[in-house]
Amino acid sequence: MLVMLPPSEGKTPARSGAPVDLADLSHDALTPLRAKVVDALADVSARPDATGVLGVSPGLADEVARNTVLRDAPAAAASRVYTGVLYGAAGLDRLTPAARARAAQHVRIVSGLWGLVTPDDRIPAYRLSMGTDLPGIGPLAPAWRGALGEALAAEAAGTLVVDCRSAAYLAAWTPPADADWVTVRVLREVDGRRSVVSHHAKHTRGVLTRHLVTRRGRAPRDAEELAHVASALVGDALLAVELDAPPRRGARTLSLVVA
């Protein structure tokens, strides 16, 4: 099983600690492209028009300025750096040793800067979204696509991929054809009517992620087992769990229904 997550927009900078060592990050085949993206981001972030180029509001200028010193800034585990609704619910920074080992084995975070990290990879806080057209690199999703395909080829082949990524990050990597690919959709039901929601989606995907890494027993091996495992959340976090029929190609959809 691979649980694919997006990063959070908000990040908590480490207050102390050694800086990132690109060679120590997981999936070392990504190191050359990571180095290029880090340097390109530092160059862009030093420009007067940096916030506009990176597509963020002027109020985030201080966060953009941090991009200029990424190689020297203190780093911490990605599970501590990534914050926000999804990560608050997933609680990857507050796991038992056994659950932490399971998260390191099964959880992958797709990033516009690093390409891919595990919760244990040590990174600094940064500001960069996958939807950025980064000068010197180009649009990040297609820039990462080939490298991520190679990095994840062995891990994803023939396995269950539980995909909690948003659209921009979905564009950076598509699981191989032999993977059991399941995207996670969250629906809110009010008075018998259902609608897609964003805030509840992040929280509920985080709840599912935490359930998958903290529950006892082996990880689910296919879409049907995933739906069965997720159904344990019905009556507490969820109203219902529904798995659609297998498509001729592409992903299945696991719908998590909340109140």
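Scroll up to find the structure.
As the structure is a prediction and not an experimental result, all values here were calculated from the model. (Residues numbered from 1 in each chain as written. Predicted model: local features only at pLDDT ≥ 70, side-chain atom pairs only at ≥ 80, totals over all residues. Heavy atoms only, no water.)

Q: I would appreciate a short explanation of the overall build of the chain in the present structure.
A: A count of helical and extended segments in the chain gives 10 helices and 12 strands. Whereas a compact globule of 259 residues would reach a radius of gyration of roughly 18 Å, the chain reaches 18 Å, a difference of no more than 12%. The principal-axis extent of the C-alpha atoms belonging to the chain is close to 50 × 40 × 40 Å. Classification of the 259 residues of the chain by burial places 49% in the buried group. (Helix = DSSP H or I, 4+ residues; strand = E, 2+ residues; numbered from the N terminus. Rg over C-alpha atoms; globule rule 2.2 N^0.38 Å. Buried < 20%, exposed > 50% of the residue type's maximum accessible area, 1.4 Å probe, protein only.)

Q: I tried to follow unusual backbone geometry on my own but got confused; where do I start?
A: The phi torsion of most residues other than glycine is negative, and most of the peptide bonds are trans. In this model, His-27 sits at a positive phi of 55 degrees, which is unusual for a non-glycine residue. Positionally, His-27 belongs in the loop between β1 (2-5) and α1 (31-45). Positive phi outside glycine occurs at Asp-191, with the angle close to 55 degrees. You can see Asp-191 is positioned in the loop between β9 (180-190) and β10 (193-196).

Q: Sorry if this is basic, but what is going on with helix α6 (residues 97-106) here?
A: Owing to its 3.6 residues per turn, the α-helix aligns residues three or four sequence positions apart on the same side. Residues of α6 that are buried: Ala-99, Arg-102, Ala-103 and His-106. For α6, the angular spread of the buried residues around the axis is 100 degrees, confining them to a single face. Turned more than 90 degrees away from the buried face of α6, the exposed residues are Pro-97 and Gln-105. Looking at the packing, one finds that the buried side of α6 touches β1, β3 (107-111) and α9 (199-214). (Arc of directions from axis to C-beta. Contact = heavy atoms within 4.5 Å.)

Q: Got a minute to help me understand the nonpolar core in this structure?
A: Soluble globular proteins tend to pack their nonpolar side chains together in the buried interior. Trp-114 and Val-162 are the most contacted members of the largest nonpolar core, which totals 83 residues. Apart from residues lying up to four places away in sequence, Val-162 is in contact with Met-1, Leu-2, Val-3, Met-4, Val-182, Val-184, Leu-208, Leu-212 and Leu-226. (Core = buried A, V, L, I, M, F, W, Y, C linked by side-chain atoms within 4.5 Å.)

Q: Looking at this structure, I do not really get the side chain of Arg-102. What am I missing?
A: Mapping Arg-102 onto the fold places it in helix α6. Buried charged residue Arg-102 carries no salt bridge. Nearest counter-charge: Glu-225, at 11 Å. Side-chain polar atoms of Arg-102 contact the backbone oxygen of Arg-215, separated by 2.9 Å. Sequence-distant contacts of Arg-102, defined by excluding residues within four places in its chain, comprise Val-107, Leu-212, Val-213, Arg-215, Gly-217, Arg-218 and Ala-219. (Lys, Arg positive; Asp, Glu negative; His and termini not counted. Salt bridge = Lys/Arg side-chain N within 4 Å of Asp/Glu carboxyl O. Polar contact = N/O pair within 3.5 Å; in protein donor to acceptor, adjacent residues only side chain to side chain.)

Q: Honestly, the side chain of Ser-26 in this entry has me stumped. Any pointers?
A: Within the secondary structure layout, Ser-26 lies in the loop between β1 and α1. Sequence-distant contacts of Ser-26, defined by excluding residues within four places in its chain, comprise Arg-34, Val-117, Thr-118 and Asp-121.

Q: I tried to follow the pairing of β9 on my own but got confused; where do I start?
A: The side chains of a regular strand alternate between the sheet's two faces. Here 4 bridges tie strand β8 (residues 160-163) to β9, and the two strands are oriented parallel to one another. Each residue of the ladder has a partner; that of Val-162, found in β9, is Val-182. In this structure, β9 lies alongside strand β12 (residues 252-258), joined through 7 bridges in parallel fashion. Paired with Arg-185 across the bridge in β12 is Ser-255. Looking at chain direction, β9 and β10 are connected through 4 bridges and run antiparallel. Counted as the bridge partner of Glu-189 is Arg-194 from β10. Between β9 and β10, which follow one another and run antiparallel, lie 2 residues, and Asp-191 among them has a positive phi close to 55 degrees. (Pairing = 2+ DSSP bridges.)

So, to be careful, I would describe these as geometric facts and stop short of saying anything about function.
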